[in-house]
Amino acid sequence: MITYGQHMTTKYMHNAHGAQRSHRVHQRSLVCVQRNRNATTRSSQTSFWKFNLVRLVALYVLLSLLASAGFNMVHAGEVKTLFGSGKDGFNGDQQPFLETHSGQPFGLVIGPDGALYFCEYTGHIIRRLDLEKQTVTTIAGTPGKKGFAGDGGPATKALMNEPHELRFTPAGDIVIADMRTHTIRKIDGKTGMISTLAGTGTAGFSGDGGLAEKAQLNMPHSIQIDPAGDLLICDTGNHRVRKVDMKTGLISTAYGTGEKKPAKDGDPQVGTPLNGPRSIDFTPEGDMILALREGNTVYRFPKGEAKLIHIAGVGGKPSLVGDGIDARKAILGAPKGAAVDANGDIYLADTETHTIRVIRAKTGLIETVIGDGKAGDGPDGDAKTCRLNRPHGVFITKEGLLLVGDSSNNKIRVLPLR
């Protein structure tokens, strides 16, 4: 017969053994969790280093390319030609960078893989420069042939018509402002298949509130991905900035009224006319920078505020006037490209003055960083004496390299900023 005390002792021992088993199970669970955390940490660290290694390799290769082309040292303030023979045309993708013909490079961007992607305006194609392998690949369009065709098939067999600019979405797809087809095309980053994201192929204005693919655009020149991951379109012919919600596919007018009238400092961000919106970028704080081509001015749209701020240009006819002065009092050359550096400086492809100009974030002063105001082709070296010919595209890498689509010279140039 088991007494109450024995029963309690047995129960206690049973519970103790159970507790010990639970403790051991708990310990094993903690070990597993810690192992998983360690594995996750190692995976995250590996991904982090892989991502940054790609950028470091791309930077190293880019500088090595310049050195192998006969440039032993690359200094801030010195321009070098990265790509292009200077001839307008297409001679294949097998030539060295400086022997490859190009049909007027416009918009350009470094992709998530560290390669350089750019539009060819007269070539009607998109090309990729692998900076590590030093190879050129045509990834979209048919060289020298313009049109609007190929949706649902490989981008390499599609037709485009004067593509102006391209960007990468957070999902890794490429979106392209296919200007003369009045559409925004999309290349699936995984399959390489092309489709139309916005526009019907017919110029016009319609579709706000509906699907972007059923809306009409009018000569969309530039595009940008906003901080929320949605697509902004400089619908230049409609004097509006349109927005495509990348989750729903719906399109709306974000800025502009369709009227070809000048904006003024302090005007409301929404409901104010915009005269020829041409290029968009964002500051590190999330403010939108908008360059107006016909308006010949640049505006800041502060994040979370109601009014826009005039930051450069007095309007009027394009001219190179105002170096070293308040940018708001300068005369611009119908800027067709804008890129914001990590320090907030704003670089402009001041196309009709054949220069690259910068608005300094700290002072608000404007300077010319490449070119002297006259069309020409280099020479490489001192940025102040290196002439350009109607540059359209500008892009700044995270490493501080300014890339320029020197369009009518059929070249891509690079300037280290620091």
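Residues numbered from 1 in each chain as written. Predicted model: local features only at pLDDT ≥ 70, side-chain atom pairs only at ≥ 80, totals over all residues. Heavy atoms only, no water.

### Some details on the overall build of the protein
Counted only if it meets this: Labels follow the DSSP assignment, with helices taken as runs of H or I lasting at least four residues and strands as runs of E lasting at least two, numbered in each case from the N terminus. When accessible area is computed with a 1.4 Å probe and restricted to protein chains, residues below 20% of their type maximum are described as buried, those above 50% as exposed, and intermediate ones as partly exposed. Note on contacts: a residue pair qualifies if any of its non-hydrogen atoms lie within 4.5 Å across the two residues.
Broken down by element type, the protein carries one helix and 25 strands. Split into buried and exposed, the 418 residues of the protein put 51% on the buried side. The contacts of the protein with a sequence gap of at least 6 include a subset with a gap of at least 24, amounting to 43%.

### Here we look at the sheet that holds strand β19 (residues 346-350)
Here is the rule: A pair of strands counts as paired when DSSP detects no fewer than two bridges linking them. Every axis in this analysis is a line fitted to C-alpha atoms, fitted for helices over the stretch in contact. Angles between the N-to-C directions lie between 0 and 180 degrees.
If you trace the four strands from one edge of the open sheet to the other, you get β18-β19-β20-β21, paired in antiparallel fashion. Taken across any chain shown, the strands that pair with only one partner, and hence form the sheet edges, are β18 (337-340) and β21 (366-370). Direction aside, neighbouring strands of the sheet carry axes that sit 25° apart on average. Where β19 lies against strand β20 (residues 355-359), five bridges are found, and the strand directions are antiparallel.

### Some remarks on unusual backbone geometry
Backbone torsion omega between Gly 378 and Pro 379 reads 5°, so that peptide bond is classified as cis. By secondary structure assignment, the location of Pro 379 is in the loop between β21 and β22 (381-382). Positive phi, normally seen in glycine, also occurs at Ala 334, with a value near 55°. Inspection of the secondary structure puts Ala 334 in the loop between β17 (309-312) and β18. A relative accessible area of 7% places Ala 334 in the buried class. At His 354, a residue that is not glycine, the phi angle is positive and equals roughly 60°. Tracing the sequence through the fold places His 354 in the loop between β19 and β20.

### Some thoughts on the side chain of His 239
Stated precisely, the cut-off is as follows: Any pair of nitrogen or oxygen atoms within 3.5 Å is treated as a polar contact; in protein, a donor-acceptor pairing is required on top of that, and neighbouring residues in sequence qualify only through side-chain atoms on both sides.
Looking at the secondary structure, you find His 239 in the loop between β11 (231-235) and β12 (240-244). Among the residues examined, His 239 registers a relative accessible area of 10% and is labelled buried. In this structure the side chain of His 239 is engaged in a polar contact, spanning 3.1 Å, whose partner is the backbone nitrogen of Gly 276. Filtering out sequence-adjacent residues up to four positions away, His 239 remains in contact with Gly 256, Thr 257, Gly 258, Glu 259, Lys 260, Leu 274, Asn 275, Gly 276 and Pro 277.

### Quick look at the pattern of salt bridges
Cut-off, in case you're wondering: The term salt bridge refers to a side-chain nitrogen of Lys or Arg lying within 4 Å of a carboxyl oxygen of Asp or Glu.
The tally for this structure, following the rule as stated, stands at 29 salt bridges. Among the ionic pairs, Arg 128 bridges to Asp 113, the shortest N-O distance being 3.0 Å. Placement of Arg 128 in strand β4 (residues 125-130) and of Asp 113 in the loop between β2 (105-110) and β3 (116-120) is noted, with a sequence separation of 15 residues between them. Taking relative accessible area as the criterion, Asp 113 reaches 34% and is therefore assigned partly exposed. Lys 261 is the salt-bridge partner of Glu 259, the closest N and O atoms lying 3.1 Å from each other. Taken together, the salt bridges that share partners define one network made up of Asp 377, Asp 380, Asp 406, Lys 411 and Arg 413.

### Quick look at the sheet that holds strand β25 (residues 411-416)
Strand pairing within a sheet occurs via backbone hydrogen bonds; the two strands may be parallel or antiparallel. With antiparallel pairing, the five strands of this open sheet are ordered in space as β22-β1-β25-β24-β23. Strands at the two margins of the open sheet, each flanked by one partner only, are β22 and β23 (393-396).

### Topic: the packing of aromatic side chains
Convention followed: Two aromatic rings, drawn from Phe, Tyr or Trp (for Trp, its six-membered ring), form a pair once their centres lie within 6.5 Å of each other, and the interplanar angle then sorts them: stacked below 30 degrees, edge-to-face above 60, tilted otherwise.
A full pass over the atoms with the stated rule returns five aromatic pairs. Seen from their ring centres, Phe 106 and Tyr 121 are 4.4 Å apart, and the 10° between their planes marks the pair as stacked. Here Phe 106 is found in strand β2, whereas its partner Tyr 121 is found in the loop between β3 and β4, with 15 residues between them in sequence. We note that Phe 106, like Tyr 121, is buried. Taking the centre distance of 4.9 Å and the plane angle of 75° together, the rings of Tyr 117 and Phe 168 count as edge-to-face. Separated by 51 residues along the polypeptide, Tyr 117 in strand β3 and Phe 168 in strand β6 (residues 163-168) bring together distant segments of the chain. Take Tyr 117 and Phe 168: they sit in the same class, and that class is buried.

### A look at the confidence of the model for the protein
Spelled out, the test is: In predicted models, pLDDT denotes the confidence assigned by the predictor to each residue on a 0 to 100 scale.
Summary statistics for the protein give a mean pLDDT of 87 and a share of 82% for residues scoring 70 or more. Across residues 1-51, where pLDDT falls below 50, the model places three contacts with residues more than four positions away in sequence or in other chains. Counting contacts from residues 66-73, a segment whose pLDDT is below 50, to residues more than four positions away or on other chains yields 13 contacts.

### Describing the pairing of strand β15 (residues 288-292)
For β15, the buried fraction is high: five of the five residues fall into the buried class. Side chains of β15 alternate between two faces, with Met 288, Leu 290 and Leu 292 and Ile 289 and Ala 291 buried alike. Between the antiparallel neighbours strand β14 (residues 277-282) and β15 lie five residues, among them Gly 286 with a positive phi of about 95°. Counted along the chain from β15 to the antiparallel partner strand β16 (residues 297-301), the turn is four residues long, and its residue Asn 296 has a positive phi close to 55°.

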